[in-house]
Amino acid sequence: MTAQEWLSWYPNPLPELIARLDAIKLPEWPDVVLETDLSAELNHWLCQWLSACFSELGLLEVSHAHASRSGWPEYFSRWQAESLRQLVASGLAVKTGEHYQLTGSIVNRASLIQQWHDAGFRARCPDVFHAQMQLLEACVWALPDILTGQRKATDVLFPNSSMALVEGIYKGNPLADAYNQIVQDNVLAYLHQRLALEPNAQFRVLEIGAGTGGTSAGLFKRLKPLQNHIAEYCYTDLSKAFLNHAENQYAGDAPYLRTALFDVSKAPSVQGLANNTYDMVIAANVLHATPSIKPTLRHAKQLLRNRGVLVLNEISANSLMAHLTFGLLAGWWLYQDEHLRIPGSPGLSPDTWQDVLLNEGFNHVLFPAPDWHGLGQQIILAQSDGRVRLTQASAPTKPVLTPAPTIVKANPTVSAVSELSPRAALLAWLSQAVAACLKMPVEKIHAGKALESYGLDSILVVQLTNQLHKHFNGVTSTLFFEVATLNA
Ligand SMILES: C[S@@+](CC[C@H](N)C(=O)[O-])C[C@H]1O[C@@H](n2cnc3c(N)ncnc32)[C@H](O)[C@@H]1O
């Protein structure tokens, strides 16, 4: 505890139910175990590819000169250091002092491309890993361009700002769906247990980093029979683009849906969310992406009621596949508390999760699917002991709920603006486009006000630019990063 912090205790504890969740039946064990030979062969090929790229591009030293020459983002030096560590671990490089040297003969990229096709990795890979393979291939082929600064990693993982390539990792593939099902089974089991004790209970659930809804899409369907007992499902994320997605896609299935911007690395109460409110807080593939796990857990706990349950779906291991895909993104390297993370990755091992959760006052921690940890993910349930560490900034506030979604026309029409001068017409058209993108009434958009202040973030900027491309030639993809207001 620091001098600016104090401990508070939330009264009115919920019933103690977490222990009963231990008995939930797991889904069928997925028929997924990657042929051991294939897995080893693929890893070896990936290491050789890294080695060829590093040799050709002169990356055997972690040097700031190279980083600035190639216009690398700052986190790339961490990525490079981990790549070199993996090369040493695989026996393809040795480290002497601060220098790395590749060992044996280096296979060039052209031969490796041939080997990839001859080995038939795609065809041999079980269907459940199809999404991973597709993403891996896109990243591997683009790696030299990313390393020379010719392409941005985000453009490779999110081509044309589409989530499709990445989304397949989190939903719609049998392995991800099985983990999501375990999360959903536990949420439903908890609600049923509570209803058995309190038939009129009204639940509040908050999801952190809900993204495109890998977990919640299925959950909303399964919550239908209980919908009269759901007072609120607060769907949160860093980007308004995901909140818009949820309102468009899920409001029909989930009349109790609320959306809110929320960064779990900051206190919820300063972001308009109410402390001591939620029966359950869900976070799937999110918490590891924050700079420091302990404050992150404190913030999640502030939202929960006494004995409320935190439900996590988290990565359980480091892998070369993850390093060569998500490892290319800035979010992978935000973590500062390296001593708590699996070396070379933002993930935490099950033992570390258990320790930090207990230390942060989650008094009952459960891993409902320990046998599944080897497949890359872990599910964790943790019950709050109702004691929270607060600061001036995170002290309890009255609930501030987001208003119901505003329906705004998605496509601005030209007819409505055609009687204005060309500049005024363009401004009116742009205001409508921005309003539609932000799902705000157009009257609230002022041409002189910074677009960022309306919540126009980088994902929405790309959506807006794509919309503009349909109507105007010569709009550059960086336009909205260059101009701050519509007037500009
Ligand atoms: C890997 S995606 C997972 C999305 C979703 N939970 C799923 O499993 O399909 C991670 C999500 O967490 C969000 N995120 C990243 N950092 C966050 C933070 N500090 N606070 C809240 N959300 C965050 C991202 O915007 C993204 O939508």
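Residues numbered from 1 in each chain as written. Predicted model: local features only at pLDDT ≥ 70, side-chain atom pairs only at ≥ 80, totals over all residues.

**With respect to the overall build of the protein**
Put simply, the rule reads: Helix and strand definitions follow DSSP, with helices as H or I runs of at least four residues and strands as E runs of at least two, each counted in order from the N terminus. Exposure is read from a count of other C-beta atoms within 10 Å of each residue's own; the residue is exposed at 12 or fewer, buried at 20 or more and partly exposed in between. C-beta atoms are placed from the backbone. Contact between two residues is assigned when their C-beta atoms, built from the backbone, lie within 7 Å.
Across its full length, the protein holds 17 helices and eleven strands. The proportion of buried residues among the 488 residues of the protein is 37%. Pairs at least 24 residues apart make up 75% of the contacts formed inside the protein by residues separated by at least 6 positions.

**Structural notes on the site of the ligand**
Basically, it comes down to this: Each residue gets a C-beta atom placed from its backbone. Should that atom fall within 6 Å of a molecule or strand, the residue is termed near it. Side-chain classes follow a simple rule in which Ala, Val, Leu, Ile, Met, Phe, Trp, Tyr, Cys and Pro form the nonpolar group, Asp, Glu, Lys and Arg form the charged group, and the remainder, Gly included, forms the polar group.
Surveying the vicinity of the ligand reveals 22 residues, the closest of which are Tyr170, Gly209, Gly211, Gly214 and Ala284. Considering only residue class, the shell around the ligand consists of ten nonpolar, nine polar and three charged.

**Quick word on the sheet that holds strand S7 (residues 278-284)**
Within a beta sheet, neighbouring strands are joined by backbone hydrogen bonds and run either parallel or antiparallel to one another. What counts is decided by this rule: Paired strands, in this sense, are two strands between which DSSP finds at least two bridges. Angles here are taken between N-to-C directions and fall from 0 to 180 degrees, while the axes themselves are lines fitted to C-alpha atoms, restricted in helices to the stretch in contact.
Reading across from one edge, S6-S5-S4-S7-S8-S10-S9 is the order of the seven strands in this open sheet, with mixed pairing throughout. In this open sheet, the two edge strands, each paired with only one partner strand, are strand S6 (257-261) and strand S9 (362-366). With strand direction ignored, the average angle separating the axes of adjacent strands in the sheet is 20°. When strand S8 (residues 304-315) meets strand S10 (residues 377-384), the two strands line up antiparallel, connected through seven bridges. Considered in S10, the bridge of Ile315 is made with Gln377. Most of the contacts of helix H9 (residues 174-197) go to S8, to which it runs at about 165°, and overall it touches strand S4 (203-208), S7, S8 and S10.

**Some points on the environment of Thr236**
Within the fold, Thr236 resides in strand S5 (residues 230-237). Dropping the residues within four chain positions of it, Thr236 is found in contact with Leu206, Glu207, Ile208, Ala210, Ala260, Leu261 and Phe262.

**Points about helix H3 (residues 76-89)**
Convention followed: Multiplying one less than the number of residues by 1.5 Å gives the expected span of a helix.
Taking 1.5 Å per residue, 14 residues should reach 20 Å; H3 reaches 20 Å between its end C-alpha atoms and fits that length. The positive-phi residue at the C-terminal boundary of H3 is Gly91, with phi of around 85°.

**Describing the environment of His64**
Topologically, His64 is positioned in helix H2 (residues 64-69). Sequence separation between His64 and Ser77 is 13 residues; the distance between their C-alpha atoms is 7.8 Å.

**Brief notes about the confidence of the model for the protein**
Basically, it comes down to this: The quantity called pLDDT is the predictor's confidence in a given residue, expressed from 0 to 100.
Per-residue confidence for the protein gives a mean pLDDT of 87, with 87% of residues at or over 70. In the predicted structure, residues 398-417 sits below a pLDDT of 50 and forms 30 contacts with residues beyond four places in sequence or in another chain.

**Considerations on unusual backbone geometry**
A positive phi angle is found at Asn12, which is not glycine, with a value near 50°. Relative to the elements of secondary structure, Asn12 occurs in the loop between strand S1 (6-9) and helix H1 (36-57). With phi around 60°, Ser161 is a residue other than glycine that occupies positive phi space. Take Ser161: it is sitting in the loop between helix H7 (153-157) and helix H8 (164-170). Of the residues examined, Ser161 has 17 C-beta atoms within 10 Å and is grouped as partly exposed.

**Some details on the nonpolar core**
This is how the line gets drawn: Remark: nonpolar core denotes a set of buried Ala, Val, Leu, Ile, Met, Phe, Trp, Tyr and Cys residues whose joining runs through C-beta atoms within 7 Å. Start and end points for every domain follow an automatic or database-based domain assignment.
Ranked by size, the top nonpolar core spans 73 residues in total, and within it Met280, Val281, Ile282, Ala283, Ala300, Leu310 and Val311 carry the most contacts. At nine residues, H9 tops the list of elements feeding residues into this core. Formed jointly, this core draws a minimum of three residues from each of two domains, domain 1 (6-27 + 178-317 + 326-390) and domain 3 (415-482). Those residues in contact with Val311 that sit more than four places away from it in its chain are Val183, Asn186, Val187, Met280, Ile282 and Leu381. Leu42, Ala93, Leu324 and Leu329 belong to the second largest nonpolar core, which has 32 residues in total.

**Brief notes about the pairing of S4**
What counts, and what does not: Here is how to tell: hold the view so the strands point away, follow the path from the first strand over the helix to the second, and if it runs clockwise the crossover is right-handed.
For S4, the tally of buried residues reaches six of six residues, placing the bulk of the element in the interior. The alternating pattern of S4 places Phe203, Val205 and Glu207 and Arg204, Leu206 and Ile208 on opposite faces, both of which are buried. For S4 and S5, the ladder comprises five bridges, and the chain directions are parallel. Note that in S5 the partner of Leu206 across the bridge is Cys234. The β-α-β motif built from S4, the intervening helix H10 (residues 216-222) and the parallel element S5 has right-handed crossover chirality. Looking at chain direction, S4 and S7 are connected through four bridges and run parallel. Directly across from Val205, in S7, lies its bridge partner Met280.

**Comments concerning the environment of Leu427**
Looking at where Leu427 falls in the secondary structure, it is placed in helix H15 (residues 422-438). For Leu427, a count of 17 C-beta atoms within 10 Å translates into the label partly exposed. For the pair Leu427 and Asn487, spaced 60 residues apart in the sequence, the C-alpha separation amounts to 7.5 Å.

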